[in-house]
Amino acid sequence: MSEKINIKLKINGVFVTLEVLAHQNLLRALRDNYYWDVKCGCEVGECGTCTVLLDGQAVKSCTVLAAACDGHEIWTDKGLGLSTKLTARIQDAFVECGSVQCGFCTPGMVVAATDYLKNGGKPDRTAIREAISGNLCRCTGYVKIVDAIYKVAKDIEEGLL
Amino acid sequence: MKEFGYKNATTITEALTLLDGQNARVVAGGTNVLPYIRSGKYTDCRLINIRDIKDLNFIKEDSDRITIGACVTISQLKKSKLILEFVPALHQAACVFADPTICNTATVGGNLASASPAADTAPALLVHDAIVFIKSLNSSRSVPLSEFFKAPGTTVLQRNELITHIEISKQKNSGFIKLGMRKSMSISIVTAASSVTLNDAGIISSCKIALGAVAPTPIRAAHTERFLLSKKPDDDTLSALIKATNLDISPIDDIRASADYRREVTPVMVKRAIKLALYEHC
């Protein structure tokens with residue numbers, strides 16, 4: 001068995017201590033501890049459905065070593081949606097625009113969109129596509145997902161958010 | 001059953017001590033290492049986390065050189081004004097590197113150490129005369145990047161050594177171009193970087209060309225460089241470099257493209273990289 005490590009970190013604004021295996025990725029560590037809004041897709045950094053914010057930056061949690069997150073801060077889609085206006089608005093926009101079909105890519109898409117918009121992302125379809133280029137969706141053809149992010153970006157630009 | 005250990009290093013010396021004489025592997029961003037663990041390429045070793053070592057994370061400017069710490073992420077490169085101004089090829093490579101979420105964790109040291117023939121930062125760094133600074137517990141050395149790669153996945157790095165930083169020379173006329181199957185998250189079919197200086201008469205007075213994914217390692221294209229020297233970079237010259245370029249490369253058939261296709265397309269990429277260096281300043 002791999003060595004067991006105790007890590008202290010902040011997840012969705014709450015300080016927690018987790019026991020993780022030395023080689024475990026952050027994705028598994030989160031799901032083992034009931035953060036089920038983080039989805040497991042390819043687990044090799046291709047699909048992006050496991051995207052979370054690590055110290056404020058969107059990363060694929062399957063390519064991050066869980067033990068290395070000791071002392072760092074994680075936000076998942078659910079936590080962001082419950083505590084930040086921006087992500088809550090993105091989630092609503094996904095529903096309004098019909099951006100959710102099977103829904104498996106949605107948590108990762110919402111986190112990637114949050115990262116884009118909180119760093120001053122503009123309502124620019126090309127830039128939005130680039131921002132979510134690490135997140136695969138096999139249902140929507142991306143059009144409605146881009147529509148949703150565009151809608152929120154427009155709201156921010158017009159001072160509505 | 002997997003048997004891994006883990007240690008967090010907070011200083012370079014601590015990391016080197018942990019690496020010395022141990023069955024240990026360095027983890028920085030983890031974008032290569034985690035898939036290696038999953039596929040079984042890495043088994044039963046102690047993982048040394050160097051992500052939080054502050055001395056490995058800096059971009060510094062001297063009079064004619066720029067120094068980049070090994071743990072600088074691709075996102076940091078993308079956002080750096082220094083890199084944009086003085087190392088345009090590296091900026092352009094960072095912009096087409098994987099996707100934004102991978103860029104937030106992947107490091108420049110890791111991209112070099114994993115020694116993929118298709119590593120996107122390598123050709124850009126090669127045309128800027130990159131020197132890799134390596135440390136072990138009892139010694140330190142520096143190796144030009146052109147001598148750093150040995151074979152696919154193999155470098156001159158020993159198991160007890162760590163890349164600390166990379167030094168590159170400033171050059172405003174450089175460019176990088178990548179050909180992949182799609183715009184994002186693609187492993188390159190061909191990458192080309194160039195750094196070109198013209199004299200007052202518009203003749204190439206110095207020229208460096210580097211290529212990725214067309215040889216066992218990222219390479220400097222010596223024949224192409226010699227061919228271009230003292231010529232005008234007009235369309236006739238750039239269309240005639242096909243022979244020289246084909247002497248430089250030894251492409252293979254793989255899942256992404258055939259060797260024949262790579263032979264056809266590499267000279268075109270070289271041509272575009274040169275035009276990018278000369279006419280499209282960032």
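Residues numbered from 1 in each chain as written. Chains lettered and ligands numbered in written order. Predicted model: local features only at pLDDT ≥ 70, side-chain atom pairs only at ≥ 80, totals over all residues.

When you look at the pairing of strand β12 (residues 190-198) of chain B in this model, what are you seeing that I'm missing?
Looking along a regular strand, one sees side chains alternate from face to face of the sheet. Residue and element names in this part refer to chain B. Summarising burial for β12: seven of the nine residues are buried, a large majority. Here strand β11 (residues 174-179) runs beside β12; their pairing, made up of six bridges, is antiparallel. When the bridges of β12 are listed, Lys178 appears paired with Thr191. Where β12 folds back onto strand β13 (residues 204-212) in an antiparallel hairpin, the turn is made up of five residues, including Gly202, whose phi is positive at roughly 80°. (Buried ≥ 20, exposed ≤ 12 C-beta atoms within 10 Å, placed from the backbone. Helix = DSSP H or I, 4+ residues; strand = E, 2+ residues; numbered from the N terminus. Pairing = 2+ DSSP bridges.)

What exactly am I supposed to notice about the nonpolar core here?
In terms of nonpolar packing, the biggest core is built from 137 residues, with Ile149(A) and Ala273(B) touching the most fellow members. The contact partners of Ala273(B), leaving out residues within four places of it in the chain, are Gly175(B), Phe176(B), Ile177(B), Ala192(B), Ala193(B) and Ser194(B). (Core = buried A, V, L, I, M, F, W, Y, C linked by C-beta atoms within 7 Å. Contact = placed C-beta atoms within 7 Å.)

Just to check I follow, could you spell out the pairing of strand β10 (residues 162-169) of chain B for this structure?
Residue and element names in this part refer to chain B. By the criterion of burial, β10 is predominantly enclosed, with six of the eight residues buried. Sheet topology places strand β5 (residues 65-69) next to β10; five bridges connect them, and they run antiparallel. Its bridge partner lying in β10, Ile66 is registered against Ile168.

Is there a simple way to think about the sheet that holds β13(B) in this case?
The pairing of strands in a sheet comes from backbone hydrogen bonds and takes either a parallel or an antiparallel form. All names here are of chain B. Here four strands make up an open sheet; going across it, the order is β11-β12-β13-β14 and the pairing antiparallel. Of all strands in the sheet, those with a lone pairing partner are β11 and β14 (219-220), marking the two edges. Of the pairings in the sheet, the one linking β13 to β14 comprises two bridges and is antiparallel in character. From the neighbouring strand, Ala210 faces β14, where its bridge partner is Arg220.

How do you make sense of the interface of chain B and chain A when you look at a structure like this?
Interface size is commonly expressed as the accessible area that is lost once the parts come together. Between chain B and chain A, the residue contacts involve 25 residues of the former and 28 residues of the latter. For the side of chain B that touches chain A, the secondary structure elements donating two or more residues are β1 (5-8), α2 (33-39), β3 (46-49) and α6 (100-103) of chain B. Broken down by element, the side of chain B that touches chain A gets its largest block of residues, four residues, from α2(B). Tallied by class, residues from the side of chain B that touches chain A come to eleven nonpolar, nine polar and five charged. (Nonpolar A, V, L, I, M, F, W, Y, C, P; charged D, E, K, R; others polar.)

Looking at this structure, I do not really get the domain arrangement of chain B. What am I missing?
Partitioning chain B into domains gives domain 1 (5-49), domain 2 (54-169) and domain 3 (174-279). Here domain 1 of chain B and domain 3 of chain B have C-alpha centroids that lie 35 Å from each other. (Domains from an automatic or database assignment.)

Help me out: how do you make sense of the sheet that holds strand β4 (residues 59-61) of chain B in this one?
Residues and elements named next belong to chain B. Overall, antiparallel pairing links the five strands, which are arranged β4-β5-β10-β6-β7 in an open sheet. The outermost strands of the open sheet, each flanked by one partner alone, are β4 and β7 (140-144). Neighbour-to-neighbour, the strand axes of this sheet turn through a mean angle of 20°, independent of strand direction. Across the face of the sheet, helix α1 (residues 12-19) comes into contact with β6 (131-135) and β10 while running at roughly 125° to β10. (Axes fitted to C-alpha atoms, helices over the stretch in contact; angles between N-to-C directions.)

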